[in-house]
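Inside the fold
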Amino acid sequence: MLKIITATAKEFLLLLRDRTGLLVLFLMPAILVIVITLVQENVMELTGQKKTQVLFLDLDQGDLGRSLQTQLKTGNLELVVWDENRKDMAEIQKAVANGDYQVGIVIPKDATYRFKEAAARLFQPGKGTENPADSMTTPLHLFIDPGIMAGLRSGVTAQLQMALTVMSQEAKITMLSKTLQEAMAGLNVPPEAAPLDSNKLPALFSQPLLTLTENPSNTRATITSYNPVQQNVPAWALFGMFFTAIPIAGSILRERNSGIWVRLMALPVSPLVLFAGKAIAYMGICLCQFVLIALIGAFLFPLIGLPAFTVSMNLPAVLLTVLFSSLAACGYGIFLGLICNSYEQASTVGATSVVAAAAIGGVMVPVYAMPHMMQRLSIISPLNWGLTAFQDLLLRGYSLSAIVGDLGRLLLFFAVCAFFSWKLAGRQQ
Amino acid sequence: MDQTASINQGNPARPDSGSSGAIFASGLIKQYKNANSPALNDFSLDVQPGEFYGLLGPNGAGKTTAISILTGLFPPDSGTARIMGMVFRESENKIKQILGLVPQNIGLYDKLTARENLTFFGKICGIQGKKLAERIEQGLEFARLADHARQPVATFSTGMKRRLNLAVGLINDPQVLILDEPCVGIDAQSRNLIHEQLTAINQRGTTILYTTHYMEEAQELCSRIGIIDNGRLVEEGTPAALLQQSGRANLEELFLHLTGKELRDS
Ligand SMILES: Nc1ncnc2c1ncn2[C@@H]1O[C@H](COP(=O)(O)OP(=O)(O)OP(=O)(O)O)[C@@H](O)[C@H]1O
Ligand SMILES: [Mg+2]
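Residues numbered from 1 in each chain as written. Chains lettered and ligands numbered in written order. Predicted model: local features only at pLDDT ≥ 70, side-chain atom pairs only at ≥ 80, totals over all residues. Heavy atoms only, no water.

**Quick word on the nonpolar core**
Note the threshold: Residues belong to one nonpolar core when they are buried, are Ala, Val, Leu, Ile, Met, Phe, Trp, Tyr or Cys, and are joined through side-chain atoms within 4.5 Å. Any residue under 20% of the maximum accessible area for its type is buried, any over 50% is exposed, and the rest in between are partly exposed; the area is computed with a 1.4 Å probe on protein chains only. In DSSP terms, a helix is any run of H or I states spanning at least four residues, a strand is any run of E spanning at least two, and both are numbered starting from the N terminus. By the convention used here, residues are in contact when the closest approach between their heavy atoms is within 4.5 Å.
In this structure, Leu264 of chain A together with Ile23, Phe43, Leu45, Ile178, Leu198 and Leu209 of chain B are the most contacted members of the largest nonpolar core, which totals 112 residues. A per-element tally of this core places helix α12 (residues 271-300) of chain A first, with 9 residues. Not counting residues within four places of it along the chain, the set of residues in contact with isoleucine 23 of chain B comprises Leu45, Asp46, Val47, Leu70, Arg82, Ile83, Val176, Ile178, Thr207 and Leu209 of chain B. If you look at the next biggest cluster of nonpolar residues, it comprises 48 residues, including Ala235, Phe290, Ala294 and Ile296 of chain A.

Below, the structure written as structure tokens:
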């Protein structure tokens, strides 16, 4: 036990003497989490955190364009209205194709006239049963950047479609009410005797009969809307933690490549004691890393226009997840330090494997958004275990009991790494 | 074949395999992966308690490999190694309690000071409290680094590093001390200091195994010398006996005669 403390103290001392190394350890994940969260505009758009810009060109300048604008403004779309005297459809197409805007919509000339005509024709007395011909629809032109995510694409088209449906309904109801009114007038029915006040028809039709109420997805949790910050902060903190595997491997390789390791192996101390010293010291670093990132999420993010990161009532469970994840990372670092023969090797292998494990584990793209096969594969990544635990605690509001399995897997991963490292340490050549 | 040189050739320690001195090796074979020839090829050695034994050999002869096996860093492919009659497989901890190693590559933390290095390795050996403080002061005094105790090792000269490297190897006051080329690359002053102190330590009863490629060093220090080449001991005896038997003017000549003049590590 005393020897473990000695080994831990030595690692801390070495870390403190290496100021630049320490700075990198803290700065790297901090910068990552800020940059990644800022650039994840797509995610924010998808989740309604940020409005999607829609180019709007009204070559018609009639009621149709005005009412479409009103409709769209209530949703998640931000209209960028272009001057119809200076721009044309080809320019919109180009702007979207270049990726300057994700969506463009053009209302062609005479659209209002054709739209009203069609509505009127539909309700012409005596023509009501006739199938409306195709020629009666008025095409509005839509351009969508092929580079946008499928989810965003379907979200935007659904909103536009919805707006068009509402407008068509309104137009039809207005026409229907007018036709009815005229018919009633022709029949000389006194207004009191009419079954319905035709003036009230539009109001009646806009009255919703069904609504959606969102309920918590589980009994214990409260409803929280999806928030990229709650997802990103733990995900990239985890990534940073696993990156400490590289400096740990480096510290072992420095010992192995000098006479230190040879000396230590001839002294009455088990390699496991030395590993424990490293693991404890670097777990301390990981914990500080997480606290720093959490503080950035909580206090810096609101200042730069992002939602704030919050650790709910599960703080002890969150810290436990941090400790177990960093333990797994340390185990991996120690293993790397013994299986590789140079720092260059360890940093290449380490960086590649951590990035791959992060990608597979859902740090970069959420697991549910991956192809089916990769989703199945994701459970082999230790970063996935850590991430699942964080999400259970921070997004789903579960308590400690829900993450015991993930913590167990992380612990097992450490144990396996430590075991193989111990075996390797006994046969260093 | 030269008649005189063949007197003791082969495996001098082998015949009386029943005896087992302070440092004992018999028939050690070690083949590294991705190496053409074995680093140790039937290497045997028997150093008696209290002896100052010099293991002399050209670059790549297998000195470090032999020491690695003797200090339990890795096992040999075959053969046995014992320290004070104990084998690593059975009494690893007991051996490590009485063994001191000064590695060929300097085994010090660059970023720690001289005192911190001594403290760390002392504590790792299980030494504590007053005894530790004493040993640290002795170590600093031994390495003549008392005035530089608070300086990080990175700022030290090669001589200072070598002296501290040696002092750290002595921190647990070992009964058996194994030194792998402790004087490479240092000036005459440092070397002289180290020589004097090693002699003193040996006179207090510590068994020493000392590897080097410098003849005079071995001749000056050691009570017995073994010459290793191509992973096997080719000659052994006291410096005087070796000279007498071979009829050479000095050990340098004998050494070149025994190990050949072509480069060994090319
Ligand atoms: N890890 C290793 N892998 C492969 N070959 C090795 C390894 N270590 C040593 N060797 C080879 O084994 C042989 C013996 O090496 P060793 O280090 O024991 O020699 P040495 O006598 O200590 O040499 P030096 O005087 O240069 O220290 C050499 O040919 C060397 O190239
Ligand atoms: Mg050597």
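**Considerations on the site of ligand 1**
Our working rule: Nearness of a residue to a molecule or strand requires only that one of the residue's heavy atoms be within 4 Å of it. Two N or O atoms form a polar contact when they lie within 3.5 Å of each other; inside protein one atom must be a possible hydrogen donor and the other a possible acceptor, and for residues adjacent in sequence the pair counts only when both atoms belong to side chains. Only the protein chains shown count as cover for residues, and all accessible areas are computed by the Shrake-Rupley method using a 1.4 Å probe. Note on residue categories: nonpolar means Ala, Val, Leu, Ile, Met, Phe, Trp, Tyr, Cys or Pro, charged means Asp, Glu, Lys or Arg, and polar means any other residue, Gly included.
Inspection of the region around ligand 1 gives 16 residues, with Gly60, Lys63, Thr64, Thr65 and Gln104 of chain B positioned closest. The environment around ligand 1 is built from residues contributed by chains A and B. Here an oxygen atom of ligand 1 sits 2.8 Å away from a polar atom, N or O, in the main chain of lysine 63 of chain B. Between ligand 1 and the protein, one listed contact pairs an oxygen atom with a side-chain N or O atom of histidine 213 of chain B at 3.4 Å. In isolation ligand 1 offers 630 Å² of accessible surface; the protein chains occlude 65% of this area. By residue class, the composition of the shell around ligand 1 is 4 nonpolar, 9 polar and 3 charged.

**Re the pattern of salt bridges**
Worth spelling out the cut-off: Put simply, a salt bridge is a Lys or Arg side-chain nitrogen that is within 4 Å of an Asp or Glu carboxyl oxygen.
Under the definition given, this model contains 15 salt bridges over all chains. The partner of arginine 224 of chain B in a salt bridge is glutamate 236 of chain B, with the nearest N and O atoms 3.5 Å apart. Of the two residues, arginine 224 of chain B is situated in strand β8 (residues 224-229) and glutamate 236 of chain B in strand β9 (residues 232-237); the sequence distance between them amounts to 12 residues. Note on glutamate 236 of chain B: relative accessible area 8%, which makes it buried. Linked through salt bridges whose partners overlap, the residues forming this network are Lys10, Glu11, Glu255 and Lys278 of chain A.

**Observations concerning the confidence of the model for chain B**
Residues and elements named next belong to chain B. What counts, and what does not: On a scale of 0 to 100, pLDDT captures the predictor's confidence in every residue.
On average, residues of chain B score 86 in pLDDT, and 90% of them reach the 70 mark or higher. Looking at the elements of chain B, mean pLDDT is at its lowest for helix α9 (residues 251-259), recorded as 74, and at its highest for helix α3 (residues 114-124), recorded as 95. Segment residues 1-18: pLDDT under 50, and 32 contacts once partners within four positions in sequence are set aside and those in other chains are kept. Here the predicted complex carries an ipTM of 0.88, next to a pTM of 0.76.

**Let's talk about the coordination of the magnesium ion (ligand 2)**
Threshold: Donor selection uses N, O and S atoms within 2.8 Å of the metal (3.2 Å for Na, K and Ca). Since no water is included, sites may look incomplete.
Taken together, Thr64 of chain B (OG1) and Gln104 of chain B (OE1) make up the protein donors of the magnesium ion (ligand 2), found 1.8 to 2.1 Å from the metal. Within this pair, whereas threonine 64 of chain B is found in helix α1 (residues 63-70), its partner glutamine 104 of chain B is found in the loop between β5 (99-102) and α3, the two being separated by 40 residues in sequence.

**Things to note about helix α9 (residues 228-243) of chain A**
Selection rule: Residue count minus one, scaled by 1.5 Å, sets the expected span of a helix.
Across its 16 residues, α9 of chain A extends 22 Å between first and last C-alpha, which sits within 8% of the 22 Å expected from 1.5 Å per residue. With 16 of 16 residues buried, α9 of chain A is to be regarded as a mostly interior element.

**What about the domain arrangement of chain A?**
Put simply, the test is: Throughout the structure description, domain borders are defined by an automatic or database domain assignment.
For chain A, the domain assignment lists domain 1 (2-44 + 226-428) and domain 2 (51-206). Each of domain 1 of chain A and domain 2 of chain A has a C-alpha centre, and the two are 54 Å apart.

**Brief notes about the packing of aromatic side chains**
Residues and elements named next belong to chain A. Here is the rule we go by: The aromatic pairing rule takes the rings of Phe, Tyr and Trp, using the six-membered ring of Trp, and pairs them if the centres are within 6.5 Å, calling planes under 30 degrees apart stacked, those over 60 edge-to-face and the rest tilted.
Taken as a whole and assessed by the stated rule, the structure comprises 13 aromatic pairs over all chains. Measuring from ring centre to ring centre gives 5.1 Å for tryptophan 236 and phenylalanine 239, while their planes differ by 75°; the resulting arrangement is edge-to-face. Of this pair, tryptophan 236 and phenylalanine 239 both sit in helix α9, 3 residues apart, which is roughly one turn of the helix. For tryptophan 236, a relative accessible area of 5% gives the class buried. Here the aromatic residues Trp236, Phe239 and Phe243 are joined through ring pairs into a cluster of three or more.

**Here we look at helix α6 (residues 111-122) of chain A**
Residue and element names in this part refer to chain A. Note the threshold: In this description, the arc belongs to the directions extending from the helix axis to the C-beta atoms.
For α6, with 12 residues, the first-to-last C-alpha span of 16 Å sits near the 16 Å given by 1.5 Å per residue. Looking at α6, one finds that the buried residues are Ala111, Thr112, Phe115, Ala118 and Ala119. The buried residues of α6 occupy an angular sector of 135° when the element is viewed end-on, so they sit on one face. Next to the buried residues of α6 lie α4 (63-73), β3 (103-107) and α7 (150-187).

**Notes on unusual backbone geometry**
One non-glycine residue, methionine 84 of chain B, lies in the positive phi region at around 50°. With respect to the helices, strands and loops of the structure, methionine 84 of chain B is situated in the loop between β4 (78-83) and α2 (88-98).

**Details of the sheet that holds strand β1 (residues 52-58) of chain A**
All names here are of chain A. Note the cut-off: Following DSSP output, two strands are said to pair if at least two bridges run between them. Angles run from 0 to 180 degrees between N-to-C directions of axes, and those axes are lines fitted to C-alpha atoms, restricted for helices to the stretch in contact.
Strand order in the open sheet formed by 4 strands is β2-β1-β3-β4, with mixed pairing between adjacent strands. In this open sheet, the two edge strands, each paired with only one partner strand, are β2 (77-82) and β4 (141-144). Between one strand axis and the next, the sheet turns through 20° on average, direction left out of account. Across the sheet, α7 lies against β1, β2, β3 and β4, angled at about 165° from β4, the strand it touches most.

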